[in-house]
Structure formats: structure tokens, C-alpha cells
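If you want the building blocks of each chain, they are given just below.
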Amino acid sequence: MCIFCKIVNREIPSNKVLENDDFVAFHDINPKAPVHILVIPKQHVDSFNELSSEMMRDMTPFIQQVAKHVNVDQSGYRVITNIGDNGGQEVKHLHFHLLGGAKLSWGHFADADPKDFL
Ligand code: 5GP
Ligand code: ZN
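Small disclaimer: the values here were computed from a predicted structure and weren't measured.

What counts, and where the lines are drawn
- Every chain begins its residue count from 1, and numbering advances along the sequence as written.
- Whichever chain is written first is A, and whichever ligand is written first is 1; the rest continue in order.
- Local features in a predicted model are, by the rule used here, given only for residues with pLDDT of at least 70; side-chain atom pairs are given and counted only at 80 or more, and totals for whole chains, interfaces and linings are based on all residues.
- Hydrogens and waters are ignored; side-chain quantities use all the structure's heavy atoms.
- One side-chain nitrogen of Lys or Arg within 4 Å of one carboxyl oxygen of Asp or Glu is enough to make a salt bridge.
- In this description a helix means any DSSP run of H or I spanning at least four residues, a strand means any run of E spanning at least two, and both kinds are numbered starting from the N terminus.
- Under the scheme applied here, a residue whose accessible area is under 20% of the maximum for its type counts as buried, over 50% as exposed, and between as partly exposed, the area being computed with a 1.4 Å probe on protein chains only.
- Whether a residue is near a molecule or strand depends on its heavy atoms: if one lies within 4 Å, it is near.
- Any pair of nitrogen or oxygen atoms within 3.5 Å is treated as a polar contact; in protein, a donor-acceptor pairing is required on top of that, and neighbouring residues in sequence qualify only through side-chain atoms on both sides.
- Here the open area of atoms and residues is found with the Shrake-Rupley method and a 1.4 Å probe, where only the protein chains shown may cover a residue.
- Each residue is assigned to one class: nonpolar for Ala, Val, Leu, Ile, Met, Phe, Trp, Tyr, Cys and Pro, charged for Asp, Glu, Lys and Arg, and polar for all the others, Gly among them.

Attention now moves to the pattern of salt bridges. Pairs can form between side chains of opposite charge once their charged atoms are near each other. Under the defined criterion, the tally for this structure stands at three salt bridges. Notably, a salt bridge pairs Glu19 with Lys42, separated by 2.9 Å at the nearest N-O pair. Of this pair, Glu19 sits in strand β1 (residues 16-19) while Lys42 sits in the loop between β3 (35-41) and α2 (53-69), placing them 23 residues apart in sequence. According to the relative accessible area criterion, Glu19 is partly exposed, its value standing at 34%. Taking relative accessible area as the criterion, Lys42 reaches 24% and is therefore assigned partly exposed. One network of salt bridges, in which partners are shared, links Arg10, Glu19 and Lys42.

Attention shifts here to the site of ligand 1. Near ligand 1 lie 17 residues; those nearest to it are Asp28, Asn82, Glu90, His95 and His97. Within the contact set of ligand 1, an oxygen atom lies 2.9 Å away from a side-chain nitrogen or oxygen of His95. Within the side chain of His97, one N or O atom sits 2.8 Å away from an oxygen atom of ligand 1. Within the complex, the protein chains bury 87% of what would otherwise be the 520 Å² of accessible surface of ligand 1. Mapped by element, the contributors of at least two residues to the shell around ligand 1 are α1 (3-8) and β2 (23-27). Counted by class, the shell around ligand 1 contains seven nonpolar, seven polar and three charged residues.

What follows is the structure, encoded as C-alpha cells:
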């Protein structure tokens, strides 16, 4: 069973923010911003590649609710999902990072120079 499934099953503790029948939001153990929350489906999905449009439809209002709950909906925030090796996905259970609480930097996304690919 994957680490996030264990969090869903409460085999591993987590600092939960919000939960409903289908999704859980909890604080990232290694935050990269003042607000860094992970939003996951309770059902195991490997990554965004396997995410159904039905699940995305239901996940959208949940993520919006989490942003409101932690009071970043007006100040602004970022939602990211890493996919696969090049995307930097370490945990192979779909998760959206919700980052906020400060002005987030933008850039340095690749070691390679983007101009080399134009
Ligand atoms: P990824 O690199 O797969 O997009 O993101 C995985 C995230 O999960 C990382 O930001 C990492 O800090 C977080 N993480 C890994 N293991 C745990 C854990 O056991 N508990 C919590 N709360 N976060 C975790
Ligand atoms: Zn899982």
C-alpha cells in the first residue's frame, strides 16, 4: 500500500486540514511555502495521467474549499501536480500541491535552457 493510502487509512498520521467522503487535504511534511497542503483522492490513482474527468470535476470544488479554509483564496495561491520522473513526482498517488501564504517565485523549472528547445 502506498504512503498516501496509509494516510487515508490512518496507518500513518497526518496533519489534516479538510476531509470529505472522497478527498483529504493535509499539510505537507516538508513545506516549500508558508502554506503547503497536499490534496489527494481517497481512492488510489497513480497520477494525473490516470485522473478521470469525473474525479477532477469533484476535486475542483474541494481544492477551492481548502484554499478558502486556509484563507489564501483572496491573497492567491498555486495548485501544482507533478507527474512522473521529469515532473518530479516522488509519491505515486495523485496529489495536488496547494501553495500560498507568500508571494511565490516563478522560474527555474528546468536544468535545461528552454531556448535550446525552440
Ligand atoms: P511530489 O514530489 O510527489 O510531487 O510530492 C510529494 C510530497 O509529499 C512532498 O512535498 C513531500 O514533502 C510530501 N510527503 C512525503 N511523505 C509525506 C508524509 O508522510 N506526510 C506528509 N504530510 N507529506 C509527505
Ligand atoms: Zn495510494
